[in-house]
Amino acid sequence: MRFINNRAHFTIAEIQREFKISRATAIRDINEIQAMGFPLTTELGRGGGYNVLQNQYLSAVRFTPEELKAIFISFIASKNSQLPYLQNRRSITEKLIGIASQTQHDELIELNNILLFENTNPANPNLLELDDAAPAELNQLISLAARDKHLRLTYEPNPGWPQLMDVFVIHIFNSNARWLVEVYDLDNDEFRYLPVEMLRDSAISKQKMRRSEQEILSQKRLGARESNLIVKLDTTGILRFKRLHPPGIILSFTGMFQSSGIFNAQLDVTDVETLEYYADWLLFLGKGVEFERIPDELRLILEERLRGSADTLTKTRLGQ
């Protein structure tokens, strides 16, 4: 009911995905909610669903002490993480403390004192200070992409040399402490990863899309299946992957409790510098790396790296 109450429109498919239930169960639950007096109207036809006539059917939200702690801890954990909407997060933190009882307030203060997360500064006792800073364009980019993924971007890889780009936004993500946007470049018909700090004056595009969203995403899925590098990781590899990985590489977990995973990439086998980088990075991931598919050019570099390490170790032992 709260999921529905927070939306002006929803579909059966959205209910199925959110609650992981069958279509029949979703329809039955919605019918029961309608019978209770929830103001819904049905929108027929392909792409139809339900419209919510009144979005204030449920009472205002009240946080339990545990929920308040969970929200507050998430804010502590995100210090120095370069998240967007920094100023809003500061005001939300103040509001959270403001609605807390005296006991809860004391507990929140104590949580801030005893909990320490990666990339935080234990020498900074200021409870409300969130001193991370995301790229200036990030807030604007997120707001626009939430309305329309077809955008016009000004990309400035070098100061004074801006490039206008007509793109379809696929993902906005943080990789190795850097914000990137994955786009389909509609002018050059290629997928690209653009650093957000190099973007200026983002806006919704006024041009007509040359390709549909379905075509773009289908091409991306096809490209993933045809990747020339497919790697399986064990637990150690997963932990090291989280510490460092090339932009745009997505890890899919295949085992329970994130005990194994797999990722793929399409490498340009003529780019020796990139191949050498991947060879060094793959060795960093540890002995549990298993190759399901690997280009011969990268395999040869890896074998050369391993032979070099073995020769160095042998010479060291002989020297001793």
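A few points on the structure.

Thresholds applied
- Residues numbered from 1 in each chain as written.
- Predicted model: local features only at pLDDT ≥ 70, side-chain atom pairs only at ≥ 80, totals over all residues.
- Heavy atoms only, no water.
- Helix = DSSP H or I, 4+ residues; strand = E, 2+ residues; numbered from the N terminus.
- Buried < 20%, exposed > 50% of the residue type's maximum accessible area, 1.4 Å probe, protein only.
- Contact = heavy atoms within 4.5 Å.
- Areas by Shrake-Rupley, 256 points an atom, 1.4 Å probe, with all protein chains shown as cover.
- Patch = residues over 30% accessible without salt bridge, like charges linked within 9 Å, V, L, I, M, F, W, Y side chains within 5 Å.
- Salt bridge = Lys/Arg side-chain N within 4 Å of Asp/Glu carboxyl O.
- Lys, Arg positive; Asp, Glu negative; His and termini not counted.
- Charge placed at Lys NZ, Arg CZ, Asp CG, Glu CD.
- Pairing = 2+ DSSP bridges.
- Arc of directions from axis to C-beta.
- Polar contact = N/O pair within 3.5 Å; in protein donor to acceptor, adjacent residues only side chain to side chain.

A tally of helices and strands in the protein chain yields 11 helices and 12 strands. Across the 320 residues in the protein chain, those meeting the buried criterion constitute 32%. Restricting the contact set of the protein chain to residue pairs at least 6 apart, pairs at least 24 apart contribute 58%. Total accessible area on the protein chain is roughly 20000 Å²; 52% of this is exposed by carbon and sulfur atoms.

A cluster of acidic residues, Asp268, Asp271, Glu273, Glu276 and Glu304, forms a negative patch on the protein surface. Note on placement: Asp268 falls in the loop between strand S11 (261-265) and helix H10 (272-284). By relative accessible area, Asp268 is classed as partly exposed at 44%.

So, on to the sheet that holds strand S2 (residues 40-43). Here we have 3 strands laid out as an open sheet, ordered S1-S3-S2, and antiparallel in their pairing. Strands at the two margins of the open sheet, each flanked by one partner only, are strand S1 (9-10) and S2. Bridge analysis of S2 against strand S3 (residues 49-52) gives 4 bridges, and the strand direction is antiparallel. Bridge pairing in S3 links Leu40 to Val52.

On to helix H9 (residues 235-243). Buried within H9 are the following residues: Gly237, Ile238 and Phe241. One side of H9 holds all its buried residues, which, seen down the axis, span an arc of 100 degrees. Seen from the buried face of H9, the exposed residues on the opposite side, beyond 90 degrees, are Leu239 and Arg243. Residues of H9 that are buried make contact with strand S9 (229-233), strand S10 (252-253), S11 and H10. The N-terminus of H9 is capped by Asp234, whose side-chain oxygen sits 3.4 Å from the backbone nitrogen of Thr236.

A few words now on the sheet that holds S9. If you walk across this open sheet you meet the 4 strands as S10-S11-S9-S12, and the pairing is antiparallel. The open sheet has two edge strands, S10 and strand S12 (290-293), and neither has a second partner. For S9 and S12, the ladder comprises 3 bridges, and the chain directions are antiparallel. If you follow Val231 over to S12, its bridge partner there is Phe291.

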